[in-house]
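Residue-level structural notes
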Amino acid sequence: MFKELNPPSRVLMGPGPSDVHPRVLKAMATPLVGHLDPSFLQIMNETMELMRTVFETKNELTLAMSGTGSSGMETVFVNLIEPGDKVIIGINGLFGERMVDVAERCGAEVIRVEAPWGEIIKPEQIEQALKNHANVKAVAVVHAETSTGALQPLSEISQLAHAHDALLIVDAVTSLGGVKVGIDENEVDACYSGTQKCLSAPPGLSPVTFSKRAGEAMARRTSKVQSWYLDLSMIQNYWGQERFYHHTAPISMNYALREALRLVVEEGLTETWDRHWKLGRALQSGLEAMGLTLHVVADHRLPQLTSVCIPDGVEDMIVRKQLLEQFGIEIGGGLGALKGKVWRVGLMGYSCQPRNVLLFLAALEQVLL
Ligand code: PLP
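Summarised in this report is the structure supplied together with it. Worth saying up front: this structure is predicted, and the values here are computed from it rather than measured.

Rules used in this analysis
- Residues numbered from 1 in each chain as written.
- Predicted model: local features only at pLDDT ≥ 70, side-chain atom pairs only at ≥ 80, totals over all residues.
- Heavy atoms only, no water.
- Near = heavy atom within 4 Å.
- Polar contact = N/O pair within 3.5 Å; in protein donor to acceptor, adjacent residues only side chain to side chain.
- Areas by Shrake-Rupley, 256 points an atom, 1.4 Å probe, with all protein chains shown as cover.
- Pairing = 2+ DSSP bridges.
- Helix = DSSP H or I, 4+ residues; strand = E, 2+ residues; numbered from the N terminus.
- Disulfide = S-S within 2.5 Å.
- Buried < 20%, exposed > 50% of the residue type's maximum accessible area, 1.4 Å probe, protein only.
- Salt bridge = Lys/Arg side-chain N within 4 Å of Asp/Glu carboxyl O.
- Expected span 1.5 Å × (residues − 1).
- Contact = heavy atoms within 4.5 Å.
- Arc of directions from axis to C-beta.

Let's shift gears to the site of the ligand. Lining the immediate environment of the ligand, one finds 14 residues, of which Thr68, Ser70, Thr146, Asp171 and Lys197 sit closest. The backbone of Gly69 places a nitrogen or oxygen atom 2.9 Å from an oxygen atom of the ligand. The separation between an oxygen atom of the ligand and a polar side-chain atom of Ser70 is 2.6 Å. Across the complex, the protein chains shield 88% of the 390 Å² of accessible surface that the ligand would expose by itself.

Below, the structure is given as C-alpha cells:
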C-alpha cells in the first residue's frame, strides 16, 4: 500500500505555479455543494464580480474557464477566429509562439511580428504589419512573457489595433494580480489569465474577459465554434442568468479562485502591484549586486519574473538541483531560445514576500560560492 500523500515542503519561486495562500487552501477543503446548487450560483456571481474588479473592467462577459491558462488562450482564439481571418501575433517568447499554434489550428492567417526573446514588440512593428495587411481581425500580444521576463506595454498597440478596426487580444496569465493589466483603460477586447501565478491559487481555472466589441464579433460568426467544450455561446448560458448545465464546474477550484480574488481585493490592487514592484526590484538589485546579469533591460523588466543569465562555467542543472535539495527552493530554467542560458526566478502572488527575496539571494550566493 502506498503511504498517505506527503509532498516535500517547497518555496515555489519558479515561473509558476507559485505558493498557494493558506486561505485558498482552506477554501478548497470546504465541503462541496452541487454545481447547480443556488449557493454555488451565488458563489459564481461573486467570483464574476471579483474577476471584473481585478481585471479592472465592466465587461459583462467575464468568467472562469475550466482549465489552465492555455484553455483561456484557446477560448479566445476558437471563439473569435474563423478560418481565413487575419491575426497579427507578437512573438517575443514561447507563449507568443503558442498563440500562433493555437490561431493556426483555428484556420487563421497568422502575420508574425517578432522581436528577440527578452525584448518587447514595438508599436511601430505592429503599425507596419497593419499597414501591410488589410482587414486584420485581431492583434495579439503577451503582456507578461513568462519565458523571458519582459513586460509588454499595451496602450499604443491598443490604439493602433483599434484605428485599423482590429480587436486586441492579451495574454495576462502571468500579469494579472502582479502588475496592472487595466482591461477597460487599455481597451483590451479579449484577455485570459491563469490561477497559478500572481493569484496564489493552484492551476486549474482560466479567468477570461471579453469587451462588447469582441462579443459583437462573436455574434457575427458564420461558422460554428469548432470546440464544444470552449464554445462561449453555451458557457455564457451556464455563467449567465439561464444557468443551463454545460459541464460540471470544478467546484473546489472555483472556491479557490473566489478566495484568491478576495485576497487581492482585500490587499488592494495598487498595494498588490506595489508589493510586486518593490520586492521584484529588491531581488533584481540583489542579483546585480552579486555580479549577475539580468536578461531583460531595466525598462522592460517584469517584477514578478526575472531571468538571470547563467554565468560562464556554471552548470544550470547543478545549481537548480542544489537550490531544491538544500534549500527547498524551486526556480525555473530557460525555455526555447533561452534554454541553458537563464534561470527564471518568480516572485508571484503569495510567493512574493520579503523573506523569500532574502532566502533566495542567500541560498544562491551559497550555491555559487
Ligand atoms: N501564457 C503565459 C504567459 C504563461 O506563462 C502560461 C503558463 O506558464 C500560459 C500561457 C499557459 O498556461 P497553462 O500552463 O496554465 O496552461
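From this point on, the discussion continues.
A few words on the sheet that holds strand β14 (residues 342-346). Ordered in space as β11-β14-β13, the three strands form an open sheet in which the pairing is antiparallel. What marks the edges here is a single partner per strand, and that holds for β11 (305-309) and β13 (332-333). Alignment of β11 against β14, held across five bridges, turns out to be antiparallel. Note that in β14 the partner of Leu305 across the bridge is Gly346.

This brings us to the state of the cysteines. Each disulfide consists of one covalent bond between the sulfur atoms belonging to two cysteines. Across all of its chains, the model carries zero disulfides by this definition. Not part of a disulfide, Cys198 finds its nearest cysteine sulfur in Cys352, a span of 7.7 Å. Overall, Cys198 belongs to the buried group, its relative accessible area being 2%. We classify Cys352 as buried; its relative accessible area is 1%.

What follows is about the pairing of strand β10 (residues 205-210). Across the six residues of β10, six count as buried, placing the element largely inside the fold. Burial along β10 is two-sided: Leu205, Pro207 and Thr209 and Ser206, Val208 and Phe210, pointing in opposite directions, are all buried. Pairing of strand β2 (residues 61-66) with β10 involves six bridges; the strand directions are antiparallel. Residue pairing across strands places Met65 opposite Ser206, the latter belonging to β10. Pairing geometry for strand β9 (residues 190-192) and β10, over three bridges, is antiparallel. Bridge pairing in β10 links Cys191 to Thr209.

This next bit is on the pattern of salt bridges. Considering all chains together, one arrives at 16 salt bridges under this definition. Taking the shortest distance from any N to any O, the salt bridge between Arg275 and Glu267 comes out at 2.8 Å. Across the pair Glu325 and Lys321 runs a salt bridge whose closest N-O atoms are separated by 3.6 Å. Remark: Lys321 and Glu325 occur in helix α11 (residues 316-327); sequence separation between them is four residues, near one turn of the helix. Here Glu325 falls in the exposed class, since its relative accessible area comes to 58%. Salt bridges here are not isolated pairs; linked through shared partners, they connect Arg23, Glu259, Arg262 and Glu266.

The next point concerns helix α12 (residues 354-368). Its 15 residues give α12 an end-to-end C-alpha distance of 21 Å, which sits within 8% of 21 Å, the value for a rise of 1.5 Å per residue. What α12 keeps buried is the set Asn356, Val357, Phe360, Leu361, Ala363, Leu364 and Val367. Check the buried side of α12 and you find it contacts β1 (11-12), α10 (269-289), α11, β12 (329-330) and β14.

On to helix α7 (residues 212-219), then. Restricting attention to buried positions, one finds in α7 the residues Ala214, Ala217 and Met218. Angular distribution of buried residues about the axis of α7 spans 100°; they occupy a single face of the element. Along α7, exposed side chains directed more than 90 degrees from the buried face belong to Lys212 and Ala219. Contacts made by the buried residues of α7 are with β2, α3 (69-80), β5 (136-142), β8 (167-171), β10 and α8 (232-239).

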